[in-house]
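Chains, contacts and geometry: an overview
Here are the chains, one letter per residue:
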Amino acid sequence: MCSGATVAASDPVAKGRHFLKLDSIGGKANVNIRFENVAKVFRHDLSARLVDFLEIASYVFSADCATRRGADWTDDDSTEPWGRDFAFVIAVREPDFWCTPKIKDLIEEVLGFLSNDKYSFTFVPLERDRGDQQQYLEFGDLRDWPFHSPERVLMFSGGLDSLAGAVETATRGDRLVLVSHRPVSTLDSRQKKLFNELQKQFPDQLIRIPVWINKAEAFGREPTQRTRSFLYSALGTLVAQSVEAGGVRFYENGIVSLNLPIAEEVLRARASRTTHPLGLHLLSSLCAAVTGHDFIVDNPYLFKTKTEVVESIATHEATHLIAHTCSCSHSMFKTRTQRHCGRCSQCVDRRFATAAAGLLTQDSETDYVSDVFVGARSDPLERAIAVDYTRHGIELDRRSENDLAAIFNAELSRAVRHEPRPSEAVQKIISMHKRHGEVVTRVLAQKVAENSAKVVNGTLDDTSLLALVIGQQYLRQQCHLATESAENEKEKSGAFDPARSLQSAAMVRVEQTLATILAKLEGSTLRSAKKEKKRKPRKREIIIFAAILMDLKGMKYCSFLHKQGIKPKWSDSVPTTYPTGYQAGNPWRKKIQDEKTRAKQRMNRFAESELADLFTAHLPEEFGELTRLLHSRNSHHASKNPTAAKPHKYSTIC
Amino acid sequence: MGHTRLGQLPKTRKWKELVERIAGPRVTGDVATAAVYIDAIAAQTLDASRKALDNVAHDSGVRYTFYLLTQVALAARRSDWENALEQHGIHLASDSTVFDLTVEVQGAVDRYVSRSPSGATDLSEMAQQSAGEALASLAGSRTAGLFGGSSADVRNAVRSLSTKKGFGELGQRFFGRFVARFLNFYLSRVTAATLGTPRLRDLGDIAEFNEALRAHCDQSARIVRDFCGQWYSKTAYQEGIDLGNTSRFLAVAVNKLRSEFELQGSEP
């Protein structure tokens, strides 16, 4: 219940729900929204509908952050708790507008997509407004202001991507209105510092509008925060409308924007959809409805990788600004001297990109609490992030375009749903993912080569990214064996140099291991190994093959198996023989039929001569008949009249 | 931005036993990789997640996704196949490709699940992913590629999947991919977090494990291939395929799959 709205306990909307009161108005506010700066800068009041929009977004975001996603998954038979069910009752200034079914549906749709939660909204008239609304005075004509009517306002997070976007736009000579969300003071001071540096390079071209929004600390803390782009869009719309801009722009590389799942467990919004193309399309529709005119929320970096974004910063001669950016997902990061934890997915992604772009000196390792490649990862989830990120990247590199389009079909389809030519757009997206995969593979190989001596000596932390990927613990044992053997050989020949021998043998071993790992990630080694493998049938399978070949069905089939001493393999103790199972009906008949179907499929993999050999060993008495049947197998199948077959009833035939 | 949320398995006996099996014994020396035990691991995972799999036939998203696969296949039998698809909200232009068809199919499923009372679920998402993969890989291999050709080429490709045999193949691919995704929804939490243990020594072992799981699921799904084709052919002819009989079919198919995995897992 928000902004002082109330609801009767007997109201259906209240049934079975946990109540949370959120208020951003008055002295007891627990959601802090300070957009005075916006009004001050632009010197006029904000429309009631826009203030409503920002408050709605702030309440949604606060509730999202305050409500855990059911961390206790204790029942081994249930599915993982993920989605939540929210019902908001919000007091607003324009209830007629917000109660329109189209608007409510749009809000619910966009939030459902971004967060996988269920939402319902009830809007009631606001009884007490914020007092500061009328404090601003109209000054002059906004149209004379140099920052008036830009194409878009830019959402400025202080990371590499938004920096690259700002630099690129400013280099073109455009003026920029940057909008920042300030949840905590540490993040704000970093953003401010970066902005100041940016202003030095592009004086008089930039203005930054910080907006404070945070909730009381007493509420719980859910770290996923999937509704944040809803809040950012509301913030951006507020500012864009004030300066009469055509929309809101996010700068986010396409890999993160699509955020394809790095592992099978990462279903739906477990991979955030903050700037997902479908999410931005829905937000555009909502913001256009709120403002009452065409309004675009877009992302020009949809087809660029992170590395390409970083390279763009270099192209525009702004690499000195990289050191002032922050990509780490831990926004509450406490240390004053370092900005990056080095363990979260954003830190991993950033480090791979700066390494690939050859800009590691600008992205100093001292800014990382733990080195991304060789630092320890004590938390299993941190290890999993590093492992999954690397494996996913290499697989993107190694798989074909068609494979990627099939494997990620659902995600890619959503990304291009509103593109005029989906096939062309998706090819560009896949091509970008393959470039990203190539970067991951290349940087990994480079880092492994740089650290191969440490890998061999076992001096890397066993929980570090490189040690995990290359299997340091096991590689060390193999290398010692290899070098001992080399030492023995060379000692005999009298040409032994212990240090060089150890080093070179180890390097070769590390290189070979990496090559094997990459090949396995391509799947080629396994597939070729599988082709060679054809297990020899066991006796029971051979007997079943024979029964199939003799066209035995029903009780005759079961009696034949029983006569040959074959017992059913089902785990239940009764019935103990095939004939008694058949007589007992389902589910036993179905099991017998399923087994027969499997055997039939398997039998087709064997050549006539192979089967004949098998029958000789196990069914000498029936060998003559079986050989004759084998010879006529093809013609027998071909001569069967398909129209004569009775309708198949899967559960009773065998 | 760009967060990925990874989770952990329940801390119950069955799941702990599974983790132990994958991680392997705490000894040094030669130990077979986890991929070697894929049959047993898959069966053990299905056992631990038994109730979740039971929900498949009752999940409106899964049901509609499979139902839509049957309708796309049946539409390809008709000369006015674009009109037939329109009835399900699938719009194809004359130059549409196989990938365009999958975009439309995914859109239709998204619209359906967003309107359903239960909304999208993890199972419905797995079904969508698997249906898209099955359709793209099989129809794509029957045309010039996923991104080329015309609506007529797409229709010809899908028509080859609309026969009893063709739909059996489509069904096998769907169920194979679905069960692989279902199992790896749980197993991927273990493999990444236990990397460095005797049975998962390096990243290559995880890749090998995933590939073995995929192959095992594809192979095991052969058990429903003929069943799929026969059900589709017979039901379409006799009574017409609807959501009700699709649901009943899914319940039986899942049981068959489960029995097959149990059997494979119990073999020495």
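Residues numbered from 1 in each chain as written. Chains lettered and ligands numbered in written order. Predicted model: local features only at pLDDT ≥ 70, side-chain atom pairs only at ≥ 80, totals over all residues.

**A closer look at the overall build of chain B**
- What chain B contains, in helices and strands, is twelve helices and zero strands.
- Written out in order from the N terminus, the α and β elements of chain B read α-α-α-α-α-α-α-α-α-α-α-α.
- Taking the principal axes of the C-alpha coordinates as reference, chain B spans close to 65 × 35 × 35 Å.
- Within chain B, buried positions represent 60% of all 268 residues.
- By sequence separation, contacts in chain B at least 24 residues apart represent 79% of the contacts at least 6 residues apart. (Helix = DSSP H or I, 4+ residues; strand = E, 2+ residues; numbered from the N terminus. Buried ≥ 20, exposed ≤ 12 C-beta atoms within 10 Å, placed from the backbone. Contact = placed C-beta atoms within 7 Å.)

**What to know about the overall build of chain A**
- Per the secondary structure count, chain A includes 27 helices and eight strands.
- In chain A, which comprises 654 residues, the proportion classed as buried is 44%.
- Counting only contacts in chain A whose residues sit at least 6 apart along the sequence, the fraction spanning at least 24 positions is 73%.

**Overview of the sheet that holds strand β7 (residues 247-249) of chain A**
Residues and elements named next belong to chain A.
- Read from one edge of the open sheet, six strands run β1-β6-β5-β4-β7-β8, paired in mixed fashion. The open sheet terminates on both sides in strands that have one partner only, identified here as β1 (31-34) and β8 (296-298). Taking each pair of neighbouring strands and ignoring which way they run, the sheet shows an average axis angle of 25°.
- Pairing between β7 and β8: three bridges, direction parallel. Bridge pairing in β8 links Arg249 to Asp298.
- Here helix α7 (residues 228-243) sits on the sheet in contact with β4 (153-155), β5 (176-182), β6 (206-215), β7 and β8, set at roughly 145° to β5. (Pairing = 2+ DSSP bridges. Axes fitted to C-alpha atoms, helices over the stretch in contact; angles between N-to-C directions.)

**Side note on the interface of chain B and chain A**
- Opposite the 67 residues of chain B that make contact, chain A presents 80 residues.
- For the side of chain B that touches chain A, the secondary-structure elements that each account for two or more residues are α1 (13-23), α3 (50-54), α6 (98-115), α7 (122-140), α9 (164-193), α10 (203-220), α11 (225-238) and α12 (243-266) of chain B.
- With nine residues, α7(B) is the largest single contributor of residues to the side of chain B that touches chain A.
- The residue inventory of the side of chain B that touches chain A, partitioned by class, reads 24 nonpolar, 24 polar and 19 charged. (Nonpolar A, V, L, I, M, F, W, Y, C, P; charged D, E, K, R; others polar.)

**Things to note about the environment of A:Pro568**
Residues and elements named next belong to chain A.
- When you line up the elements, Pro568 lands in the loop between α22 (554-563) and α23 (578-584).
- Note on Pro568: 22 C-beta atoms within 10 Å, which makes it buried.
- With 501 residues separating them along the chain, Pro568 and Thr67 place their C-alpha atoms 52 Å apart.
- Setting aside anything within four residues of it in sequence, one finds Pro568 in contact with Tyr578 and Gly581.

**A short note on the pairing of β5(A)**
Residue and element names in this part refer to chain A.
- By the criterion of burial, β5 is predominantly enclosed, with six of the seven residues buried.
- Pairing geometry for β4 and β5, over two bridges, is parallel. The residue bridging Met155 from the neighbouring strand is Val179, located in β5.
- Note on the crossover from β4 through helix α5 (residues 160-171) to β5: the handedness is right-handed.
- Note that β5 and β6 share seven bridges and pair parallel. Note that in β6 the partner of His181 across the bridge is Val211. (Right-handed = clockwise from strand over helix to strand, strands pointing away.)

**Considering helix α9 (residues 277-291) of chain A**
Residue and element names in this part refer to chain A.
- Given a rise of 1.5 Å per residue, 15 residues ought to cover 21 Å, and the 21 Å separating the end C-alpha atoms of α9 matches this to within 8%.
- Listing the buried residues of α9 in full gives Pro277, Leu278, Gly279, Leu280, Leu282, Leu283, Ser284, Leu286, Cys287 and Val290.
- Summarising the contacts, the buried residues of α9 are in contact with α2 (48-66), α4 (101-115), α7, α8 (254-258), β8 and α14 (409-415).
- Gly292 sits one or two residues past α9 and shows a positive phi near 80°. (Expected span 1.5 Å × (residues − 1).)

**Re the packing of helix α4 (residues 60-75) of chain B against α6(B)**
Residue and element names in this part refer to chain B.
- Close contact between α4 and α6 brings their axes to 10 Å; oriented N to C, the two are set at 145°. Viewed along their axes, α4 and α6 form a crossing whose handedness is right-handed. In this structure, α4 uses Ser60, Gly61, Tyr64, Thr65, Leu68 and Val72 to contact α6, whose residues at the interface are Val105, Ala108, Val109, Tyr112 and Val113.
- Counted by class, the contact of α4 with α6 contains eight nonpolar, three polar and no charged residues. (Left-handed = near helix turned anticlockwise from the far one by under 90°.)

**With respect to the nonpolar core**
- Ranked by size, the top nonpolar core spans 238 residues in total, and within it A:Ile90, A:Leu154, A:Val177, A:Leu178 and A:Val179 carry the most contacts.
- At 15 residues, α9(B) tops the list of elements feeding residues into this core.
- Dropping the residues within four chain positions of it, A:Val179 is found in contact with A:Val153, A:Leu154, A:Met155, A:Phe156, A:Ile209, A:Val211, A:Leu235, A:Gly236 and A:Val239.
- Membership of the second largest hydrophobic core comes to 17 residues, among which are A:Ile542, A:Phe545, A:Tyr578 and A:Tyr582. (Core = buried A, V, L, I, M, F, W, Y, C linked by C-beta atoms within 7 Å.)

**Considering the environment of A:Leu619**
- Topologically, A:Leu619 is positioned in the loop between α25 (608-618) and α26 (623-631).
- In this structure A:Leu619 touches A:Ala546 and A:Leu626, once residues within four positions along its chain are discounted.

**A closer look at α12(B)**
- The terminal C-alpha atoms of α12(B), which comprises 24 residues, lie 34 Å apart, in line with the 34 Å expected from a rise of 1.5 Å per residue.
- Where α12(B) is concerned, the buried positions are B:Thr246, B:Phe249, B:Leu250, B:Ala253, B:Val254, B:Lys256, B:Leu257, B:Glu260, B:Phe261, B:Leu263 and B:Gly265.

**Looking at unusual backbone geometry**
- Positive phi, close to 60°, is recorded for A:Glu244, a residue that is not glycine.
- With respect to the secondary-structure elements, A:Glu244 resides in the loop between α7 and β7.

**Focus on the environment of A:Val256**
Residue and element names in this part refer to chain A.
- In this structure, Val256 sits in helix α8.
- Take Val256: there are 28 C-beta atoms within 10 Å of it, and that puts it in the buried class.
- Sequence-wise, Val256 and Thr305 are 49 residues apart; in three dimensions their C-alpha atoms are separated by 8.4 Å.

**Here we look at the packing of helix α10 (residues 306-315) of chain A against helix α11 (residues 345-356) of chain A**
Residues and elements named next belong to chain A.
- In contact at an axis separation of 8 Å, α10 and α11 are set at 55° when each is read in the N-to-C sense. Accordingly, the angle class assigned to the pair α10 and α11 is oblique. Regarding α10 and α11, the two cross each other, and that crossing is right-handed. Packed against α10, whose contacting residues are Lys306, Thr307 and Val310, the element α11 presents Asp349, Ala353, Thr354 and Ala356 at the interface. (Parallel < 35°, antiparallel > 145°, perpendicular 65-115°, else oblique.)

**Concerning the confidence of the model for chain A**
All names here are of chain A.
- In this model, chain A carries an average pLDDT of 84, and 83% of its residues clear a pLDDT of 70 or more.
- Every residue in residues 134-140 is under pLDDT 50, and counting partners more than four places away or in other chains gives eight contacts.
- In this model, residues 524-533 is a region of pLDDT below 50 whose contacts with residues beyond four sequence positions or in other chains number eight contacts. (pLDDT = per-residue confidence, 0-100.)

**A word on the confidence of the model for chain B**
- Mean pLDDT over chain B: 92, with 97% of residues reaching 70 or higher.
- Model confidence for the complex is summarised by a pTM of 0.83, with the ipTM given as 0.96.

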